[in-house]
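Structural description and commentary
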Amino acid sequence: MELPKFILGDNTDYPDAIYIIHTEFPRFILNLEDDEVEWMEEFDEHDEKEIASETENLIQQATDFYDREIERYNA
């Protein structure tokens, strides 16, 4: 099965939270309510250096995806 790069998620137990799930490496879930990131990968030292430099870009892509999706819902 081919998954989209980003998926929107919500949960009625957390009514104020909106989640963006990034399905490609490095997989993570971003909570837009508080900008908390939960990584779904184990990183070694080499990965951590690379991820640190890429994190800002990935978070920006995730929020751009959210903005695009909301714009489409409102159209």
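Structural notes, computed from the coordinates.

What counts, and where the lines are drawn
Residues numbered from 1 in each chain as written. Predicted model: local features only at pLDDT ≥ 70, side-chain atom pairs only at ≥ 80, totals over all residues. Heavy atoms only, no water. Helix = DSSP H or I, 4+ residues; strand = E, 2+ residues; numbered from the N terminus. Buried < 20%, exposed > 50% of the residue type's maximum accessible area, 1.4 Å probe, protein only. Contact = heavy atoms within 4.5 Å. Lys, Arg positive; Asp, Glu negative; His and termini not counted. Charge placed at Lys NZ, Arg CZ, Asp CG, Glu CD. Patch = residues over 30% accessible without salt bridge, like charges linked within 9 Å, V, L, I, M, F, W, Y side chains within 5 Å. Areas by Shrake-Rupley, 256 points an atom, 1.4 Å probe, with all protein chains shown as cover. Salt bridge = Lys/Arg side-chain N within 4 Å of Asp/Glu carboxyl O. Phe/Tyr/Trp six-rings, centres within 6.5 Å; stacked < 30°, edge-to-face > 60°. Pairing = 2+ DSSP bridges.

Here we come to the overall build of the protein. Broken down by element type, the protein carries 1 helix and 4 strands. Element order for the protein, N to C, with α for helix and β for strand: β-β-β-β-α. Along the three orthogonal principal directions, the C-alpha set of the protein runs to about 45 × 25 × 25 Å. For the protein, buried positions account for 20% of its 75 residues. Look at the contacts in the protein between residues 6 or more apart in sequence, and 29% of them connect residues 24 or more apart. Across the protein, 5 positive and 23 negative side-chain charges occur, with their mean positions spaced 8 Å apart.

So, about a negative patch on the surface. On the surface, Asp 16, Glu 33, Asp 34, Asp 35, Glu 36 and Glu 38 cluster together into a patch of negative charge. Looking at where Asp 16 falls in the secondary structure, it is placed in the loop between strand 1 (6-9) and strand 2 (19-22). For Asp 16, a relative accessible area of 61% translates into the label exposed.

Turning next to the packing of aromatic side chains. Scanning all chains against the criterion turns up 4 aromatic pairs. Seen in terms of ring centroids, Phe 6 and Phe 65 are 5.5 Å apart; in terms of plane orientation they differ by 25°. Their pairing is stacked. With a gap of 59 residues between them, Phe 6 in strand 1 and Phe 65 in helix 1 (residues 45-74) connect regions that are remote in the sequence. The exposure classification of Phe 6 matches that of Phe 65, with both residues buried. Look at Trp 39 and Phe 43: their rings are 5.6 Å apart centre to centre, the planes differ by 80°, and that puts the pair in the edge-to-face class. By relative accessible area, Trp 39 is classed as partly exposed at 25%.

It is worth spelling out the pairing of strand 4 (residues 36-39) at this point. Relative to strand 4, strand 3 (residues 28-31) is paired through 4 bridges, and the arrangement is antiparallel. Bridge pairing links Leu 30 to Val 37 in strand 4. Counting the residues that bridge the hairpin from strand 3 to strand 4 gives 4 residues, and of these Asp 35 lies at a positive phi of roughly 60°.

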